[in-house]
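# Fold and contact review
Okay, here's what each chain looks like letter by letter:
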Amino acid sequence: MFWVLLLLLAWAVAGTACTRLCLAAVHAAATDVNGAPAARRHDLTLYEAAFLSGGPRRVADLTLVSMARQRRLLLAHTGWATVVDPRGRDEIERSVIGAIGPGGQSRIAPVRDAAAAADAVGSLADRLVGAGLAVPDGPRRDISSAIRQVRFAALAVPVLGAVALLTPGRDDMPGQLVALWFALPLILTVSCLAIARVEISPYAQWASPAGQRLLNSLARRSRGSDDHTFLTAVAVRGVRAVGEPELRAAFAHRDPAPGTDRRPDGTPGIA
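None of the values given here were measured: they were computed from a predicted structure.

The subject of this paragraph is the state of the cysteines. Taken as a whole, this structure holds 0 disulfides when the rule is applied. C18 provides the cysteine sulfur closest to C192, a residue in no disulfide bond, and the two sulfurs are 3.8 Å apart.

Let us look at a positive patch on the surface. Taken together, the side chains of R20, R148, R151 and R197 present a region of like positive charge at the surface. Given a relative accessible area of 70%, R197 falls into the exposed group.

Taking every second residue as pointing to the same face, both faces of strand β2 (residues 80-83) are buried, with W80 and T82 on one and A81 and V83 on the other. As paired strands, strand β1 (residues 73-75) and β2 are joined by 3 bridges and run antiparallel to one another. The partner of L74 across the bridge, within β2, is T82. In this structure, the hairpin formed by β1 and β2 is closed by a connection of 4 residues, where G79 is found at a positive phi of approximately 95 degrees. Summarising the sheet, β2 and strand β3 (residues 105-107) pair through 3 bridges and their orientation is antiparallel. Opposite W80, over in β3, you have R107 as the bridge partner.

What follows deals with the pattern of salt bridges. Enumeration according to the criterion identifies 6 salt bridges in this entry. R72 is the salt-bridge partner of E93, the closest N and O atoms lying 2.7 Å from each other. Pair noted here: E93 is in helix α4 (residues 91-100) and R72 is in the loop between α3 (56-69) and β1, with a separation of 21 residues, a long-range link. Note on accessibility: E93 and R72 belong to one class, buried. The salt bridge involving E91 is made with R94; its shortest N-O contact spans 3.0 Å. With a gap of 3 residues between them, E91 and R94 both fall in helix α4, about one helical turn apart. Here R94 falls in the partly exposed class, since its relative accessible area comes to 40%.

What counts and how
- Residues numbered from 1 in each chain as written.
- Predicted model: local features only at pLDDT ≥ 70, side-chain atom pairs only at ≥ 80, totals over all residues.
- Heavy atoms only, no water.
- Disulfide = S-S within 2.5 Å.
- Patch = residues over 30% accessible without salt bridge, like charges linked within 9 Å, V, L, I, M, F, W, Y side chains within 5 Å.
- Areas by Shrake-Rupley, 256 points an atom, 1.4 Å probe, with all protein chains shown as cover.
- Salt bridge = Lys/Arg side-chain N within 4 Å of Asp/Glu carboxyl O.
- Lys, Arg positive; Asp, Glu negative; His and termini not counted.
- Charge placed at Lys NZ, Arg CZ, Asp CG, Glu CD.
- Buried < 20%, exposed > 50% of the residue type's maximum accessible area, 1.4 Å probe, protein only.
- Helix = DSSP H or I, 4+ residues; strand = E, 2+ residues; numbered from the N terminus.
- Pairing = 2+ DSSP bridges.

Have a look at this one:
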């Protein structure tokens, strides 16, 4: 009867994971409902659209691209950022300039990380959460973790079933019936994942359902070829919306190995 113990373990793994996901979804849905009235009266800025689309790093990317378009920041294809105008026009731009440092040059990757973690972006996130447009960190992390747990359960149940079928001592229990018993918790986890993809997945993103509706409305209203339309595309889609090859290369450039780092002018950098 060892297979029965494996079946109980399979049910425990599947039931715990699915229950956790349901509880996390209920918590996130309650948060969204509480913030929905304020969300309907909100007009998104580019920074807000960037955060709702891709989180803090998307805000940093938008700021870098915006300053580069205005020639107040140079982004080299080698992955270096150089300050041209040290006067930031808002707190987020000043965070980017501060992340580059007093030398006026820095690699783009650490600048993005530092700017994304700046207090200005944190304040932006708090405002969006208060308006019901962004999912709070707690519910978003809970749902993402719960979905990963359900996926693990969906993989663990077939493994436990295979072990049960290969283990001797099933007496007169046919293998088909054992497989059927293990199919039940598998169906539970797969069904939970399917429902989560439609109903719960939005809460695992940065934007709440209300925020996603505003993002969709912003995308529909943004048509044309001016700078605002370009920056809106960057905010919503990220740096992949950038058409300039050198600018795309600046964000895609990988950090070199220690001792081989070089600035845009070819001089060695500090490893």
